[in-house]
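Chain by chain, the residues:
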Amino acid sequence: MQFLDSFFKLKENGTTVKTEVIAGFTTFLTMAYIILVNPLILSSTGMDLNAVFVATCLAAALGTAIMGLVANYPIALAPGMGLNAYFTFSVVKGMGLSWETALGAVFISGIVFLAVSLFRVREAIVNAIPQSLKFAISAGVGMFLAIIALKNAGVIAPHPETYLTLGDIHKPTTLLAILGFFLIVALEYRKVPGSIIIGILVVTVLSIAMGLSPFKGVVAPVPSMAPTFMQMDIAGALQAGLIGVIFVFFFVDLFDTTGTLVGVSHRAGLLDKDGKLPRLKRALLADSVAITAGAVMGTSSTTAYVESAAGTAVGGRTGLTAMVVALLFLASLWLSPLAATVPAYATAPALCYVAVLMARGLAEIDWSDLTESAPAVMTALAMPFTFSIADGIAFGFISYAVIKILAGRFADLKPPVLIIAALWVFKLAFFH
């Protein structure tokens, strides 16, 4: 106990081993859904579900452990929602690339992320991006998740004239998915720990009881990771046409991680007197290492989880909280049959709920300034309607730069924004 106190500086941060352990369990319960959802999403690319399950657990455990041991923050990491959808539906299915090439792009983005973190380029990039676009990108990713979830649940269906229409809501699977969403929201409102995983498991149990899906067990030996381990195609990902893909992986994770680190730390009172996060470089190191290692093992980009706020809300203040989460992810390696048992329509409610959380960013946009709100709306709407996070970001930056120029608001445009907008114009013109 004395070693833990001195290593994690428990007394200095006003916490105890017991509090940190409880906080770790709380955080894990709120984000454990990722070990069920991520393999389902990525396996639709042709990747082996069990191998992705192992990669998900290991990448989460590794990134979270580094965050705890090196940065001493109570923040957990795991493969990011939104980035796994982009990997699957935009890069592999949308662009027709192999999942091996997509993993190569994730690996390269991790190396780039590591470089900008070490050389302090990250601060310059993040500080130059307009707040309205940051909020819009988060909301747009949420809407992108929502449209995937509604499709998986059968709530929406394709239509030859209107493109989308209401699905067959009389189907038992669709009704179960809707029930799952209602349940998750109600449990979250009542502040029940693990509400998302409870919702997924309730729908899964009902589905099995109704004979809609098979039960494949709960515990089994850890599956082999061989089908996805070291399978990334780095050479393929370095093709000129994939620069935009690497950029999106890097860009979305950059804002996701930075925003989560600052947001969770602010709620926990971990920021310094200037409102900055001490040891930020170490925290970003944990994320970049987890991204590259995750790509090697076979999963999409890893990022900091906002669900970490659940742990800090019950007193988690140090890396010991993160270490508890990491150990629980390792223990989850023996639950692969449970992951294989969960049907896609059982995870759809979780995706919808995450979309609700991410859409909150729209409230922070300055709606009184059209030069800010119009590009933000273009960003958020383009992602679900083009079925591409990349295209949404492109629409956002290009429209922001053009509208500001035409409105005579040149002073609002920082050089990085103009450079990014120009790069997207070039990419859409020659590599779309």
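Please refer to the structure placed before this passage.
Here the structure is a predicted model, which is why all the values come from computation and not from measurement. (Residues numbered from 1 in each chain as written. Predicted model: local features only at pLDDT ≥ 70, side-chain atom pairs only at ≥ 80, totals over all residues. Heavy atoms only, no water.)

Explain the packing of aromatic side chains to me, and be specific about the residues and the numbers.
Counting across every chain of the model gives five aromatic pairs. Summarising the aromatic geometry, the rings of phenylalanine 28 and phenylalanine 329 are spaced 5.2 Å apart at their centres and angled 80° between planes, so their arrangement reads as edge-to-face. Of the two residues, phenylalanine 28 is situated in helix 2 (residues 17-31) and phenylalanine 329 in helix 15 (residues 319-331); the sequence distance between them amounts to 301 residues. Taking the relative accessible area as the measure of exposure, phenylalanine 28 reaches 11% and is therefore buried. Of the residues examined, phenylalanine 329 reaches a relative accessible area of 0% and is grouped as buried. (Phe/Tyr/Trp six-rings, centres within 6.5 Å; stacked < 30°, edge-to-face > 60°. Helix = DSSP H or I, 4+ residues; strand = E, 2+ residues; numbered from the N terminus. Buried < 20%, exposed > 50% of the residue type's maximum accessible area, 1.4 Å probe, protein only.)

With reference to specific residues and values, describe helix 6 (residues 99-118).
Between its first and last C-alpha, helix 6 extends 29 Å over 20 residues, near the 28 Å set by a 1.5 Å rise per residue. Counting buried positions along helix 6 yields 14 of 20 residues, so the element is predominantly enclosed. (Expected span 1.5 Å × (residues − 1).)

So what's going on with the pattern of salt bridges? Residues and values would help.
A complete count under the given rule lists four salt bridges for this structure. A salt bridge links arginine 409 to aspartate 412; the nearest nitrogen and oxygen atoms lie 2.8 Å apart. Note on arginine 409: relative accessible area 30%, which makes it partly exposed. Of the residues examined, aspartate 412 reaches a relative accessible area of 29% and is grouped as partly exposed. One salt-bridge network, in which partners are shared between bridges, spans Asp369, Glu372, Lys404, Arg409 and Asp412. (Salt bridge = Lys/Arg side-chain N within 4 Å of Asp/Glu carboxyl O.)

Before we move on, can you summarise the nonpolar core with the specific residues and values?
Formed by 119 residues in total, the largest nonpolar core has its most connected members in Met81, Phe87, Phe329, Ile393 and Phe397. At 11 residues, the largest contribution of residues to this core is made by helix 4 (residues 49-71). Of all hydrophobic cores here, the second largest spans seven residues; its members include Leu10, Ala65, Leu320 and Met323. (Core = buried A, V, L, I, M, F, W, Y, C linked by side-chain atoms within 4.5 Å.)

Any chance you could break down the environment of leucine 40 for me, citing the residues and the numbers?
Tracing the backbone shows leucine 40 in helix 3 (residues 34-43). C-alpha of leucine 40 to C-alpha of valine 342: the two residues are 302 residues apart in sequence and 8.5 Å apart in space. The residues touching leucine 40, leaving out its near neighbours within four places in the chain, are Leu49, Val342, Pro343, Ala344 and Thr347. (Contact = heavy atoms within 4.5 Å.)

So, the packing of helix 5 (residues 83-92) against helix 8 (residues 131-153): which residues are in play, and what are the values?
Where helix 5 contacts helix 8, the two axes come as close as 11 Å, and the packing angle between them is 65°. Judged on the interaxial angle alone, helix 8 and helix 5 are roughly perpendicular. As for how helix 5 packs across helix 8, the hand of that crossing is left-handed. Between helix 5 and helix 8, the residues in contact are Ala85, Tyr86, Phe89 and Ser90 and Phe144, Leu145 and Ile148, respectively. A per-class count over the contact of helix 5 with helix 8 returns six nonpolar, one polar and no charged. (Axes fitted to C-alpha atoms, helices over the stretch in contact; angles between N-to-C directions. Parallel < 35°, antiparallel > 145°, perpendicular 65-115°, else oblique. Left-handed = near helix turned anticlockwise from the far one by under 90°. Nonpolar A, V, L, I, M, F, W, Y, C, P; charged D, E, K, R; others polar.)

So yeah, pure geometry; function would need other evidence.
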